[in-house]
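# Chain and residue survey
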Amino acid sequence: MDYKNILLSFEGEIGILAINRPKALNALNIETLKDIQMGIQEAKDHSEMKVLILTGSGEKAFVAGADIAEMKGMNSIEALNFSKTGHLTLKMIQDLDRPVIAAVNGYALGGGTEIAVACDFIYASENARFGVPEVTLGIFPGFGGTQRLPRLIGKGKAKELIFTGKMVTAQEAYQMGIVNRVFPAASLMEETKKTALQIAANGAVGVRLAKMVVDAGFNMDLSEACSLESYAFSFGFATEDQKEGMTAFIEKRKPNFKGK
Ligand code: DAK
């Protein structure tokens, strides 16, 4: 597939989607959001892929936000269209039936932080910067930032970021619980790939069910969520991977999972 503003590649079981608009620090315009949607669909159709890494091209930015030049002249209807396109893009990332790791390699501002937070978890380089500076532009976060950020780090910390619009370092983002791990810029991709390979070596159906249960159960009450877990857990016993995983343990060998 030919994309204008993303690069999509596959290295064995790992997919890498890099947002690639260097002249605007990978800012998200509508064209880029649509490219990301098509890239996610292509990754989904690539059955060999077990984990997707989302990153930004270049050394300076992951995504410096929504494209301010494109947004500046929008009326409310165009803004609604933009917001819906953004929400759909982030939902496609969140709902991908395989894990998505954000490798944040520089500025992740506004829509950049929002798209990272829609991934399953975030690794960051030491030079990464996070923030939702929309209020400094006279708006507020509109790609799920007012919803996903409080669910990830709690309402108080999310409101502090949203109301001040301040930027935080990768280390501060780690302390706030936005980021799982921080690495020197030169080793971010290598470390992210290591984790992706560790995930890819596990039973793919189990990983996929676990993602679904964590996400779907998060907004349910505990007893409903545990009931969902029970049914999904039982379904796992209908798979070849469960038989292989447990047989391999008993036979003291490495499992050979087929994702079936
Ligand atoms: N949009 C468009 N262009 C951008 C950009 C952005 N967000 N960020 C950077 N650029 C462009 C710059 O204009 C500059 O272009 P040229 O002048 O070279 O043509 C080029 O990228 C390099 O940027 P700088 O020269 O500014 O580079 P610096 O190193 O000096 O500064 C910076 C880097 C990241 C600190 C700075 O560029 C910056 O503050 N950028 C803006 C960050 C920001 O405010 N991001 C949040 C955007 S607001 C909505 C839903 C969601 C949203 C909005 C609406 N709806 C419901 C409608 C989301 C909003 C946002 O994300």
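Structural data are supplied above this passage.
In what follows, the accompanying structure is described. (Residues numbered from 1 in each chain as written. Predicted model: local features only at pLDDT ≥ 70, side-chain atom pairs only at ≥ 80, totals over all residues. Heavy atoms only, no water.)

### Some points on the pattern of salt bridges
What the rule picks out here adds up to twelve salt bridges. Between Asp67 and Arg21 there is a salt bridge whose closest N-O contact spans 2.7 Å. With a gap of 46 residues between them, Asp67 in the loop between strand S4 (61-63) and helix H2 (68-71) and Arg21 in the loop between strand S2 (14-19) and helix H1 (30-45) connect regions that are remote in the sequence. Side by side, Asp67 and Arg21 carry an identical accessibility label, which is buried. A salt bridge links Arg253 to Glu251; its shortest N-O distance comes to 2.8 Å. Assessed through its relative accessible area of 48%, Glu251 is described here as partly exposed. Three or more residues are tied together by salt bridges with common partners; here these are Asp97, Arg98 and Arg208. (Salt bridge = Lys/Arg side-chain N within 4 Å of Asp/Glu carboxyl O. Helix = DSSP H or I, 4+ residues; strand = E, 2+ residues; numbered from the N terminus. Buried < 20%, exposed > 50% of the residue type's maximum accessible area, 1.4 Å probe, protein only.)

### Regarding the sheet that holds S4
Spatially, the four strands line up as an open sheet ordered S4-S6-S8-S9, and their pairing is mixed. If you trace the sheet from one side to the other, it starts and ends with S4 and strand S9 (168-169), each paired once. By the bridge criterion, two bridges tie strand S8 (residues 129-131) to S9 in an arrangement that is antiparallel. Among the inter-strand pairings, Phe130 is bridged to a residue of S9, identified as Val168. (Pairing = 2+ DSSP bridges.)

### Focus on empty space enclosed by the protein
For the structure shown, the criterion picks out one cavity of 30 Å³ or more. A breakdown of the residues in the lining of the largest cavity according to their chemical character gives five nonpolar, one polar and two charged. (1 Å grid on protein atoms, 1.4 Å probe; cavity = no way out; pocket = protein on both sides within 12 Å on 5 of 7 lines; lining within 4 Å. Points joined across faces, edges and corners; volume = space filled by probe spheres on them. Nonpolar A, V, L, I, M, F, W, Y, C, P; charged D, E, K, R; others polar.)

### Description of the sheet that holds strand S10 (residues 181-183)
Within a sheet, adjacent strands bond to each other through the backbone by hydrogen bonds, running parallel or antiparallel. If you walk across this open sheet you meet the six strands as S1-S2-S3-S5-S7-S10, and the pairing is mixed. Single-partner strands in this sheet number two, and they are strand S1 (6-11) and S10. Strand-to-strand twist in this sheet, taken as the mean axis angle between neighbours without regard to direction, amounts to 20°. (Axes fitted to C-alpha atoms, helices over the stretch in contact; angles between N-to-C directions.)

### Regarding the pairing of strand S3 (residues 51-56)
Counting buried positions over the six residues of S3 gives six, a clear majority of the element. Side-chain alternation along S3 places Val51, Ile53 and Thr55 on one buried face and Leu52, Leu54 and Gly56 on a second face that is also buried. Of the pairings in the sheet, the one linking S2 to S3 comprises six bridges and is parallel in character. Each bridged residue has a counterpart across the sheet, and for Leu17 the counterpart in S3 is Leu54. In terms of handedness, the path from S2 via H1 over to S3 forms a crossover that is right-handed. (Right-handed = clockwise from strand over helix to strand, strands pointing away.)

### Details of the layout of surface pockets
Computed from the structure, the largest pocket encloses a volume of approximately 900 Å³. Surrounding the largest pocket, 32 residues form its lining, Gln94, Cys119, Asp120, Val214 and Asp215 being those nearest its centre. Listing elements by their share of the lining of the largest pocket, those giving two or more residues are helix H3 (76-95), helix H4 (111-117), strand S7 (121-125), helix H5 (145-153) and helix H9 (204-218). If you go around the second largest pocket, you meet 23 residues; those closest to its centre are Ala66, Met71, Glu134, Ile139 and Phe140. Those elements that provide at least two residues to the lining of the second largest pocket are H2, H3 and H4. When residues of the lining of the second largest pocket are assigned to their parent elements, the largest contribution, three residues, is made by H3. Within the lining of the second largest pocket, the residues separate by chemical class into 14 nonpolar, six polar and three charged.

### A closer look at the packing of H5 against helix H6 (residues 155-164)
Relative to each other, H5 and H6 sit at 135°, their axes nearing to 7 Å. Between H5 and H6, the interaxial angle falls into the category oblique. Every pair of crossing elements has a handedness; the one defined by H5 and H6 is right-handed. Of H6, the residues touching H5 (which contributes Gly145, Thr146, Leu149, Pro150 and Ile153) are Lys155, Lys157, Ala158, Leu161 and Ile162. In the contact of H5 with H6, the residues fall into six nonpolar, two polar and two charged. (Parallel < 35°, antiparallel > 145°, perpendicular 65-115°, else oblique. Left-handed = near helix turned anticlockwise from the far one by under 90°. Contact = heavy atoms within 4.5 Å.)

### Details of the packing of H9 against helix H10 (residues 222-236)
The contact between H9 and H10 brings their axes to 10 Å, and the two run at 170°. By the angle class used here, H9 and H10 are roughly antiparallel. Across the interface between the two elements, Val205, Leu209, Met212, Val213, Ala216 and Gly217 from H9 touch Ala225, Leu228, Glu229, Ala232, Phe235 and Gly236 from H10. Of the residues in the contact of H9 with H10, the class split is nine nonpolar, two polar and one charged.

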